[in-house]
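Letter by letter, the chains look like this.
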Amino acid sequence: METVLITGAAGGIGRMLRERMPREGRTLRLLDIAPIEPAPGTEVVTASVADLDAMVVACAGVDAVVHLGGISGEADWASIRDVNIEGTYAVFEAARRAGVSRVVYASSNHAVGFQVQPDDPDLEMPDDLAPRPDTFYGVSKVLGEALGALYHDRHGLDAVCLRIGTCAEMPYDLRGLSTWLSPDDCARLVEAALACPEPGFRTVWGVSANTRRVWSLDGGRAIGYAPEDDAEVFAGRIGPRDEAHDEAGRRYVGGAFTL
Ligand code: 15L
């Protein structure tokens with residue numbers, strides 16, 4: 001029987017995955033500090049990702065962890081350190097102690113947010129761009145990826161780090177027409193990261209098959225991700241914002257997070 005622990009299960013992406021990941025014979029163990037309504041095929045754990053003892057207990061009997069928990073945007077350093085950095089350490093360390101063989105980590109494009117995007121739309125940015133975080137939040141994602149690499153190289157865990165773009169029901173600015181990850185594609189990507197044989201440590205863009213995409217889908221396809229959605233269907237409904245916002249979105253991976 002397959003048991004998957006999802007941290008941050010009450011959050012935005014957590015809710016999307018809870019709707020899309022139930023399967024016959026699978027238990028979703030849903031962890032968050034916020035309350036979650038139990039549903040068939042689920043177990044609810046109320047705990048902080050930063051509580052190592054609680055995480056070790058939550059990881060018992062688990063086949064894989066999908067780690068979404070933490071602060072999902074910029075915040076002061078102490079909050080980012082205490083929640084995102086300590087929390088991601090606790091997740092990897094608890095997974096190791098409990099013998100969990102795989103962690104799928106919700107990293108972010110903001111780990112590489114100051115990388116400059118190509119003007120030429122035929123040039124795609126590879127999945128393994130070097131870290132250039134745009135915020136303390138981005139730094140925490142770099143640290144999380146580094147923990148994934150360490151726990152793979154030293155302890156043999158599989159660590160698939162998803163550099164997620166704009167995961168939302170629809171894009172909310174012009175940049176999002178290129179960076180959008182639809183909820184259905186997000187679930188497809190996470191399922192691929194869970195099912196892929198021996199992924200080792202890797203970073204993979206989390207993006208849909210958007211017409212305006214400049215981030216490669218090669219890393220995703222290599223783990224079996226087959227995106228079906230394209231943000232272009234929303235193009236007629238999204239207009240310009242202020243020039244600085246839209247220019248940052250064209251120039252940098254992290255868009256307005258760089259301002
Ligand atoms: C993220 O990592 C954030 O969690 C989300 O709120 C969006 O801002 C997204 O990146 C993005 O870059 O669009």
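Residues numbered from 1 in each chain as written. Predicted model: local features only at pLDDT ≥ 70, side-chain atom pairs only at ≥ 80, totals over all residues. Heavy atoms only, no water.

### Considerations on the site of the ligand
Argument step 1. Neighbouring residues of the ligand: Ser72, Ser108, Asn109, His110, Tyr137, Gly165, Thr166, Tyr172, Arg175 and Phe257.
Argument step 2. Here an oxygen atom of the ligand and a side-chain polar atom of asparagine 109 are 2.9 Å apart. (Near = heavy atom within 4 Å. Polar contact = N/O pair within 3.5 Å; in protein donor to acceptor, adjacent residues only side chain to side chain.)

### Some thoughts on the state of the cysteines
Argument step 1. Scanning the entire structure with this criterion turns up zero disulfides.
Argument step 2. Between cysteine 59, a cysteine without a disulfide, and cysteine 161, which holds the nearest cysteine sulfur, the sulfur-to-sulfur distance is 16 Å.
Argument step 3. In this structure cysteine 167 is a free cysteine whose sulfur lies 3.9 Å from that of cysteine 186, the closest cysteine sulfur available.
Argument step 4. Residue cysteine 167 is classed as buried on the basis of its relative accessible area, which comes to 17%. (Disulfide = S-S within 2.5 Å. Buried < 20%, exposed > 50% of the residue type's maximum accessible area, 1.4 Å probe, protein only.)

### Examining the pairing of strand 5 (residues 102-108)
Consecutive side chains along a regular strand alternate between the two faces of the sheet.
Argument step 1. Within strand 5, seven of the seven residues are buried, which leaves it mostly tucked inside the rest of the structure.
Argument step 2. With burial as the criterion, each face of strand 5 is covered, one bearing Arg102, Val104, Ala106 and Ser108 and the other bearing Val103, Tyr105 and Ser107.
Argument step 3. When strand 4 (residues 64-67) meets strand 5, the two strands line up parallel, connected through four bridges. By the bridge assignment for strand 5, valine 66 is matched with valine 104.
Argument step 4. The pairing of strand 5 with strand 6 (residues 158-164) spans seven bridges and is parallel. Across the sheet, valine 103 pairs through a bridge with alanine 159, a residue of strand 6. (Helix = DSSP H or I, 4+ residues; strand = E, 2+ residues; numbered from the N terminus. Pairing = 2+ DSSP bridges.)

### Looking at the environment of proline 133
Argument step 1. By the element assignment, proline 133 lies in the loop between strand 5 and helix 4 (136-155).
Argument step 2. For proline 133, a relative accessible area of 30% puts it in the partly exposed group.
Argument step 3. Separated by 113 residues in the primary sequence, proline 133 and arginine 20 place their C-alpha atoms 30 Å from one another.
Argument step 4. Excluding anything up to four places from it in sequence, proline 133 contacts His110, Ala111, Gly113, Phe114, Gly138, Val139 and Val142. (Contact = heavy atoms within 4.5 Å.)

### Observations concerning unusual backbone geometry
Argument step 1. Phi at glutamate 198 is positive, roughly 45°, even though this residue is not glycine.
Argument step 2. As for its position among the elements, glutamate 198 is in the loop between helix 6 (183-195) and strand 9 (201-206).
Argument step 3. Of the residues examined, glutamate 198 reaches a relative accessible area of 72% and is grouped as exposed.

### Considerations on helix 4
Argument step 1. Its 20 residues give helix 4 an end-to-end C-alpha distance of 27 Å, which sits within 8% of 28 Å, the value for a rise of 1.5 Å per residue.
Argument step 2. Looking at the residues trailing helix 4, positive phi occurs at glycine 156, about 80°. (Expected span 1.5 Å × (residues − 1).)

### A closer look at the packing of helix 2 (residues 52-59) against helix 3 (residues 77-98)
Argument step 1. Running from N to C, helix 2 and helix 3 cross one another at 45°; their axes reach a closest spacing of 8 Å. Compared by their axis directions, helix 2 and helix 3 come out oblique. In the packing of helix 2 onto helix 3, the handedness of the crossing is right-handed. Across the interface between the two elements, Leu52, Met55, Val56 and Cys59 from helix 2 touch Tyr89, Ala90, Val91, Glu93, Ala94, Ala95, Arg97 and Ala98 from helix 3. (Axes fitted to C-alpha atoms, helices over the stretch in contact; angles between N-to-C directions. Parallel < 35°, antiparallel > 145°, perpendicular 65-115°, else oblique. Left-handed = near helix turned anticlockwise from the far one by under 90°.)

### Quick look at the pattern of salt bridges
Argument step 1. Going through the model one piece at a time under the given rule, you end up with 18 salt bridges.
Argument step 2. Ionic pairing is found between glutamate 2 and arginine 26, a salt bridge with its closest N-O pair at 3.1 Å. Of this pair, glutamate 2 sits in strand 1 (residues 2-7) while arginine 26 sits in strand 2 (residues 26-32), and the two are 24 residues apart along the sequence.
Argument step 3. Note on glutamate 2: relative accessible area 32%, which makes it partly exposed.
Argument step 4. When the shortest N-O distance is used, the salt bridge between arginine 96 and glutamate 93 registers 2.7 Å. (Salt bridge = Lys/Arg side-chain N within 4 Å of Asp/Glu carboxyl O.)

### Overview of the packing of helix 1 (residues 12-20) against helix 6
A pair of packed helices is captured by two measures, namely the crossing angle of their axes and the spacing between those axes.
Argument step 1. Relative to each other, helix 1 and helix 6 sit at 75°, their axes nearing to 9 Å. Between helix 1 and helix 6, the crossing angle belongs to the class labelled roughly perpendicular. Counting all contacts with helix 1, which are made through Ile13, Met16, Leu17 and Arg20, the residues of helix 6 involved are Pro183, Asp184, Cys186, Ala187 and Val190.
Argument step 2. In terms of residue class, the contact of helix 1 with helix 6 is built from seven nonpolar, no polar and two charged. (Nonpolar A, V, L, I, M, F, W, Y, C, P; charged D, E, K, R; others polar.)

### Considerations on the side chain of arginine 163
Argument step 1. Turning to its location among the elements, arginine 163 is positioned in strand 6.
Argument step 2. Within the structure, the side chain of arginine 163 is placed 2.9 Å from the backbone oxygen of leucine 129, a separation counted as a polar contact.
Argument step 3. One polar contact links arginine 163 to glutamate 145, side chain to side chain, over a distance of 2.8 Å.
Argument step 4. If sequence neighbours within four positions are ignored, arginine 163 has contacts with Ser107, Ser108, Asn109, Val112, Asp127, Asp128, Leu129, Glu145, Thr203, Val204, Trp205 and Gly206.

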